[in-house]
Amino acid sequence: TRVAVLISGTGTNLQALIEQAKRPSSSAEIVLVISNRPGVEGLRRASLAGIQTRVVDHKLYGSRAEFDGTIDRVLAEFRVELVCLAGFMRILTGTFVKKWSGRLLNIHPSLLPSFKGVNAQKQALQAGVRVSGCTVHFVAEEVDAGAIIVQEAVPVLPDDTEESLCDRIRQAEHRAFPGALELVASGAVRLGEDGHILWKSDC
Ligand SMILES: Nc1nc2ccc(CNc3ccc(C(=O)NCCCC(=O)O)cc3)cc2c(=O)[nH]1
Ligand SMILES: N[C@@H]1O[C@H](COP(=O)(O)O)[C@@H](O)[C@H]1O
């Protein structure tokens, strides 16, 4: 399966996906990395891995529709079949999300549906939960509300800071996202017509 990864920054999740796609057993081939911001570290990670990169700078577009339309055109140019949002921080339009329904994955740093939106790790600390983690889900128009594919839990420790919790969750992300990518790229898991997750064995 031809995969594109959309990023906005460091790209540690991208790096984990690159490692996964390199394995001979992998069903995924990362053919493109798109960043909405120029000069980010994730672009260097992609180039080092021999993956084509493009920058689609959202500041250069008059509307979200035009920004998303440009991204869609680049995805078509590279015959992309599956898209992973890895630290991609722009909300996508309903038109784009509908077109890519079932072929668009995102990683979120909390156990959804808890702590949607930005600074999820900080929300968890402030809520005083003893368990948090990360979620890989299909992207739906409603932000952080799509069908859940994989989750991994991590403990929240008494002396945790936002930084220590972020780091523990990020380690979990680097396992969960590659696992979810393999499930979807191999066809083991797909999004059903009713918007729920369908496992291949589900007859
Ligand atoms: N329609 C749809 N699109 C998304 C785009 C990115 C992400 C990644 N997670 C994200 C979740 C939240 C945000 C957010 O609220 N950023 C501040 C506003 C930035 C902006 O104005 O664009 C960004 C990415 C998830 C979704 C999603 O669940 N549904
Ligand atoms: N989507 C969120 O944004 C961050 C991206 O980190 P990186 O993959 O760019 O290192 C991660 O915390 C991820 O959960």
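Summary of the structure given here. Each residue is numbered by its place in its chain's sequence as written, counting from 1. Chain letters start at A and ligand numbers start at 1, both assigned in the order the entries are written. This being a predicted model, a pLDDT of at least 70 is required before a residue's local features are given, and a value of 80 or more before pairs of side-chain atoms are given or counted; all residues contribute to the totals for chains, interfaces and linings. Computation of side-chain values covers all heavy atoms of the structure but excludes hydrogens and water.

A separate point is the packing of helix H1 (residues 12-22) against helix H2 (residues 41-48). To get an axis, a line is fitted to the C-alpha atoms, and for a helix only the part in contact is used. The angle between two axes follows their N-to-C directions and goes from 0 to 180 degrees. Only DSSP runs of H or I covering at least 4 residues are called helices, and only runs of E covering at least 2 are called strands; the numbering of each starts at the N terminus. At their nearest, the axes of H1 and H2 sit 9 Å apart, and the two run at 15 degrees to each other. Considering the angle they form, H1 stands roughly parallel to H2. Regarding H1 and H2, the two cross each other, and that crossing is right-handed. In this structure, H1 uses Thr12, Leu14, Gln15 and Ile18 to contact H2, whose residues at the interface are Gly42, Arg45 and Ala46. Note on angle classes: values under 35 degrees are labelled roughly parallel, values over 145 roughly antiparallel, values of 65 to 115 roughly perpendicular, and the remainder oblique. The crossing is said to be left-handed when, going from far helix to near helix, the turn is anticlockwise and less than a right angle, and right-handed when the turn is clockwise. Contact criterion: two residues are considered in contact whenever any of their non-hydrogen atoms come within 4.5 Å of each other.

Now for the site of ligand 2. Contacts to ligand 2 come from Thr10, Gly11, Thr12, Asn13, Gly87, Ile107, Pro109, Gln121 and Glu173. We define a polar contact as two N or O atoms separated by no more than 3.5 Å, with the added condition that, inside protein, one atom must be a possible hydrogen donor and the other a possible acceptor, whereas residues neighbouring each other in sequence contribute only through side-chain atom pairs. A distance of 2.9 Å is found between an oxygen atom of ligand 2 and a backbone nitrogen or oxygen belonging to Gly11. At a separation of 2.8 Å, an oxygen atom of ligand 2 approaches a polar backbone atom of Asn13. A cavity here means a set of 1 Å grid points, computed over protein atoms only, where a 1.4 Å probe fits but cannot escape. A pocket is an open set with protein on both sides within 12 Å along at least 5 of 7 lines, and lining residues have an atom within 4 Å of a point. Just a note on the criterion: a molecule sits in a pocket or cavity if more than half of its atoms are within 2 Å of the grid points. The cavity that encloses ligand 2 is the largest pocket. Residues were grouped as follows: Ala, Val, Leu, Ile, Met, Phe, Trp, Tyr, Cys and Pro as nonpolar; Asp, Glu, Lys and Arg as charged; and all remaining residues, including Gly, as polar. Of the residues assigned to the shell around ligand 2, the class counts are two nonpolar, six polar and one charged. If even one non-hydrogen atom of a residue comes within 4 Å of a molecule or strand, that residue is called near it.

A word on the site of ligand 1. In the neighbourhood of ligand 1, 16 residues make up the surrounding shell, with Arg64, Ile91, Leu92, Ala140 and Asp144 lying closest. Leu92 places a polar main-chain atom, nitrogen or oxygen, 3.0 Å from a nitrogen atom of ligand 1. Between Asp144 and ligand 1, the recorded distance is 2.9 Å, taken from a backbone N or O atom to an oxygen atom. Note on areas: Shrake-Rupley, 1.4 Å probe, and residue coverage restricted to the protein chains presented here. Protein burial of ligand 1: of its 630 Å² of free accessible surface, 82% is covered by the chains. Judged by the proximity of its atoms to the pocket grid, ligand 1 belongs to the largest pocket. Split into classes, the residues belonging to the shell around ligand 1 amount to 10 nonpolar, one polar and five charged.

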